[in-house]
Amino acid sequence: MHRTHCGIVPPHLLTRLAALQDPRLSAASRAARHALLELQPVHRIRADALRAPVRRGSAVVGTLARRIHDAGGREELPGTAVRPEGGPVTGDAAADEAYDGLGATYRLFSEEYGRSSIDGAGKRLDATVHYGSDYDNAFWDGERMVFGDGDGEIFGRFTASLTVISHELTHGFTQYSTNLEYQGQSGALNESLSDVFGVLVEQRELGQDAAAAPWLIGAGIFTEDVQGVALRSLKAPGTAYDDDVLGRDPQPATMADYVRTTSDNGGVHINSGIPNHAFYRAATALGGEAWKAAGSIWYDAVLSGDIPSDCDFPTFARATVRAADKRFGSGSREVGAVAEAWAQVGVVP
Amino acid sequence: MRIEITRSGGFGGLTRTWSLEVSASEAEQRWLPLAAEAEPGPAPEPAPEPGPAPGEEPTASGGSGAHRDRFTYRITIGYTEVLVPEERLEEPWRELIDRARAAPVPGPPAPSPGDSGPGTDSKQQASDGPGAGGQESPRKLL
């Protein structure tokens, strides 16, 4: 049955009540737990997000917990557990790449932005590798990341690129923060956040500054038969591949080339090129390590409360300018760089 | 009768199209009834406007639940179209898709109507993502 939450107590308050330990309030706590169960999943997710502690400026200690499963070539989840947190290297490339990639993503959010895991509360990170047969995809199912091995003709295994792993895990972060709807412009922003934090994880691991980084998503997962370097480029959207079978990378870099389509949930993987390129412009204008100033601004914007789940590009752009203003001060070069970056892609904040 | 299957979305956002010929009786007895049971084809969605679109209502046709980066299959049987998210793809459709992927690639497919302009609300929005359609070659079959 599908219930709609229409109680007067807001979900975040229910969540707090439900967690109370005080025996004098046990009845209220029990009632709140009951009410929470009737919330729609999306409300519950947002309630979790609101409850999540936001800590900035200092690293969160020791709550990284991962668990890798192996689906053994079947399309069944979760598969067999092969590596728990702290477990030995398995020798299976996909399982070990997933384990390491989750760790790298966790470290970016924890050490740079002070967030403990995707939900801000230390949630365990689950992934399944070897999903399906010749399976050409990686996805987030609301609970875990899932990686295919590719068909061997166009795609190799999807864990081979750290940016694929960090992209998928960032879908979890978005789910627990803004929960951007996966359709049209909000869906393209959802995709873009996964690409932006996806490349930042890799840049930080490799110690690449904004000028030196390749700004590619999925480099190394095409086989050598494909004419292409990666699936997407934040630096030059539309140039990642140009192949006789796959066609050309369809991503636009600016609003002038915005693609209207009913495919792909309204082009969520296509028009994400526009906010992707805005981030690239802001990060390269500021220079240095992109996960520092530019990454912090985007992260602050996501957690600012200024991003509705049906957010469009201009609303998101305004939130980033406001976040830059808050963190670096009005009239700062950071505010100027962010506003100019959006202007360059044709989005008026 | 020709059945065309277009797969969009996925991590890469690559759109692929496969097709196969089935007899009229197979289409009428097996696939059209299945399509009639499935949810209706692509609802005419308000095309996202470039630029601010205040008050634009989110459509219900978005990705189902919390799944991200999954494929969406658009199956066209004659004038009937169904849209099936990968996570809700049941066995008969899987068989059809496997057959289409294994089918020999025919000559250049008939040009599909591209995205219609704003205001079009017919079911003919068989829009392929850019980069799709008309460029299949026998080199590889995904």
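This section reports on the structure supplied with the text. Chains are numbered independently. Their residues run from 1 in the order of the written sequence. To read the labels, note that chains go from A and ligands from 1, taken in the order they are written. Totals for whole chains, interfaces and linings use every residue, but because this is a predicted model, local features are given only for residues with pLDDT of at least 70 and side-chain atom pairs only at 80 or more, for both listing and counting. Each side-chain value is worked out from all heavy atoms of the structure, with water and hydrogens disregarded.

**Describing the overall build of chain B**
The helix and strand labels rest on DSSP assignments: H or I over at least four residues marks a helix, E over at least two residues marks a strand, and numbering proceeds from the N terminus. Scanning chain B for helices and strands turns up two helices and four strands. Secondary structure elements of chain B, listed N to C terminal, follow the sequence β-β-α-β-β-α. Here chain B, with 142 residues, has 43% of them falling under the buried criterion. Whether two residues touch is decided by their heavy atoms; if any such pair falls within 4.5 Å, the residues are in contact. By sequence separation, contacts in chain B at least 24 residues apart represent 60% of the contacts at least 6 residues apart. Working note: accessible area of chain B is about 6,900 Å², and carbon and sulfur atoms make up 56% of it. Whether a residue is buried, partly exposed or exposed follows from its accessible area with a 1.4 Å probe, protein chains only, as a fraction of its type maximum: under 20%, in between, or over 50%, in that order. Surface exposure here means Shrake-Rupley accessible area, sampled with a 1.4 Å probe, where a residue is shielded only by the protein chains that are shown.

**Description of the pattern of salt bridges**
Residues and elements named next belong to chain A. We define a salt bridge as a side-chain nitrogen of Lys or Arg found within 4 Å of a carboxyl oxygen belonging to Asp or Glu. Applying the stated criterion across every chain, the model contains 22 salt bridges over all chains. For Arg 232, the salt bridge goes to Glu 191, with nearest N and O atoms at 3.9 Å. Here Arg 232, found in strand E7 (residues 232-233), pairs with Glu 191, found in helix H6 (residues 184-206); they are 41 residues apart in sequence, far enough to count as distant. Just as Arg 232 is buried, Glu 191 falls in that class too. Between Asp 306 and Arg 322 there is a salt bridge, with the nearest N and O atoms lying 2.7 Å from each other. Here Asp 306 is found in the loop between helix H9 (293-302) and helix H10 (313-328), whereas its partner Arg 322 is found in helix H10, with 16 residues between them in sequence. With a relative accessible area of 26%, Asp 306 lands in the partly exposed category. Here the salt bridges do not stand alone but share partners, grouping Glu 111, Glu 112, Arg 204 and Lys 292 into one network.

**Quick notes on the packing of aromatic side chains**
Think of a pair of aromatic rings as described by two things: how far the centres are apart, and how the planes are tilted against each other in angle. Residue and element names in this part refer to chain A. Two rings from Phe, Tyr or Trp (for Trp, the six-membered ring) form a pair when their centres are within 6.5 Å of each other. A pair whose planes differ by under 30 degrees is stacked, one over 60 is edge-to-face, and the rest are tilted. The full count for this structure, using the stated rule, is 25 aromatic pairs over all chains. Ring geometry for Phe 155 against Phe 158: centres 5.0 Å apart, planes inclined by 40°, an arrangement best described as tilted. Phe 155 sits in the buried class, given a relative accessible area of 3%. Consider the rings of Phe 173 and Tyr 299, whose centres lie 5.7 Å apart with planes at 10°: the pair is stacked. In this pair, Phe 173 is assigned in helix H5 (residues 162-175) and Tyr 299 in helix H9, connecting sequence segments 126 residues apart. On the basis of relative accessible area, Phe 173 is assigned to the buried category, the value being 0%. A residue is classified by how much of its surface remains accessible, and Tyr 299, at 1% relative accessible area, is buried. Through successive ring pairs, a cluster of aromatic residues spans Trp 215, Phe 279, Tyr 280, Trp 298, Phe 316 and Trp 342.

**Details of the packing of helix H4 (residues 93-113) of chain A against H6 of chain A**
Residue and element names in this part refer to chain A. To get an axis, a line is fitted to the C-alpha atoms, and for a helix only the part in contact is used. The angle between two axes follows their N-to-C directions and goes from 0 to 180 degrees. In contact at an axis separation of 9 Å, H4 and H6 are set at 85° when each is read in the N-to-C sense. In this view, H4 runs roughly perpendicular relative to H6, as classed from their interaxial angle. On H6, the residues touching Ala 104, Thr 105, Arg 107, Leu 108, Phe 109, Glu 111, Glu 112 and Tyr 113 of H4 are Phe 197, Leu 200, Val 201, Arg 204 and Glu 205. When grouped by side-chain class, the residues that make up the contact of H4 with H6 number seven nonpolar, one polar and five charged. Roughly parallel refers to an angle under 35 degrees, roughly antiparallel to one over 145, roughly perpendicular to one between 65 and 115, and oblique to any angle outside these ranges. Any residue that is not Ala, Val, Leu, Ile, Met, Phe, Trp, Tyr, Cys, Pro, Asp, Glu, Lys or Arg is counted as polar, Gly included; the first ten are nonpolar and the last four charged.

**Quick notes on unusual backbone geometry**
Residues and elements named next belong to chain A. Here Leu 77 and Pro 78 are connected by a cis peptide whose omega angle stands at 5°. Of note, Pro 78 is situated in the loop between strand E1 (66-70) and strand E2 (80-84). The backbone of His 130 shows a phi angle near 55°, a positive value even though the residue is not glycine. With respect to the element layout, His 130 can be found in strand E3 (residues 125-131). Of note in the backbone geometry, Trp 215 takes a positive phi value of approximately 60° without being a glycine. Tracing the chain through its elements places Trp 215 in the loop between H6 and strand E6 (216-217).

**Focus: helix H1 (residues 24-37) of chain B**
Residue and element names in this part refer to chain B. Given a helix with a known number of residues, its expected span is that number minus one, times 1.5 Å. Helix length check: H1, at 14 residues, gives a terminal C-alpha distance of 19 Å against a target of 20 Å (1.5 Å per residue), a fit within 8%. Two axes define the bend at a residue: one fitted to the seven residues ending there, one fitted to the seven starting there, and the bend is the angle between them. At Trp 31, H1 is bent by approximately 35°, the largest bend along its length, and proline Pro 33 sits one to four residues beyond. Buried within H1 are the following residues: Glu 26, Ala 27, Trp 31, Leu 34 and Ala 35. Residues of H1 that are buried make contact with strand E1 (2-9), strand E3 (71-77), strand E4 (80-85) and helix H2 (91-102).

**What to know about the sheet that holds E1 of chain A**
All names here are of chain A. DSSP bridges decide pairing: two strands pair if at least two such bridges lie between them. Taking strand neighbours across the sheet as the criterion, the five strands line up as E2-E1-E3-E5-E4 in an open arrangement whose pairing is mixed. What marks the edges here is a single partner per strand, and that holds for E2 and strand E4 (138-140). Neighbouring strand axes in the sheet, compared pairwise and without regard to direction, differ in orientation by 20° on average. Helix-sheet contacts for H5 involve E3, E4 and strand E5 (145-148), and the interaxial angle to E4 is about 15°.

**Structural notes on the packing of H6 of chain A against H10 of chain A**
Residue and element names in this part refer to chain A. At a minimum axis separation of 9 Å, H6 and H10 run at an interaxial angle of 45°. Judged by the inter-axis angle, H6 sits oblique to H10. Residues Gln 185, Ala 188, Leu 189 and Leu 193 of H6 form the contact with H10, whose own contacting residues are Phe 313, Pro 314 and Phe 316. Classifying every residue of the contact of H6 with H10 gives six nonpolar, one polar and no charged.

**What to know about the nonpolar core**
The nonpolar side chains of a soluble globular protein tend to be buried with one another. Counting residues in hydrophobic clusters, the biggest one holds 85 residues, and the most contacted among them are Phe 147, Phe 197, Leu 200, Trp 215, Trp 298 and Trp 342 of chain A. Element by element, the count of residues in this core is highest for H4 of chain A, at ten residues. For the domain bounds, the source is a domain assignment made automatically or taken from a database. Mapping this core onto the domain boundaries places at least three of its residues in each of domain 2 (66-175) and domain 3 (184-344) of chain A. Not counting residues up to four positions away in its chain, the partners in contact with Trp 215 of chain A are Val 199, Gln 203, Ala 210, Arg 232, Ser 233, Leu 234, Lys 235, Phe 279, Tyr 280, Ala 283 and Ala 290 of chain A. Residues belong to one nonpolar core when they are buried, are Ala, Val, Leu, Ile, Met, Phe, Trp, Tyr or Cys, and are joined through side-chain atoms within 4.5 Å. Counting 26 residues, the second-largest nonpolar core is a separate cluster that includes Val 22, Trp 31, Val 82 and Leu 89 of chain B.

**Considering the side chain of Asn 190 of chain A**
Note that Asn 190 of chain A resides in helix H6. Of the residues examined, Asn 190 of chain A reaches a relative accessible area of 2% and is grouped as buried. Among all residues touching Asn 190 of chain A, those that are not within four sequence positions of it are His 171, Thr 174, Leu 180 and Tyr 182 of chain A together with Arg 68 of chain B.

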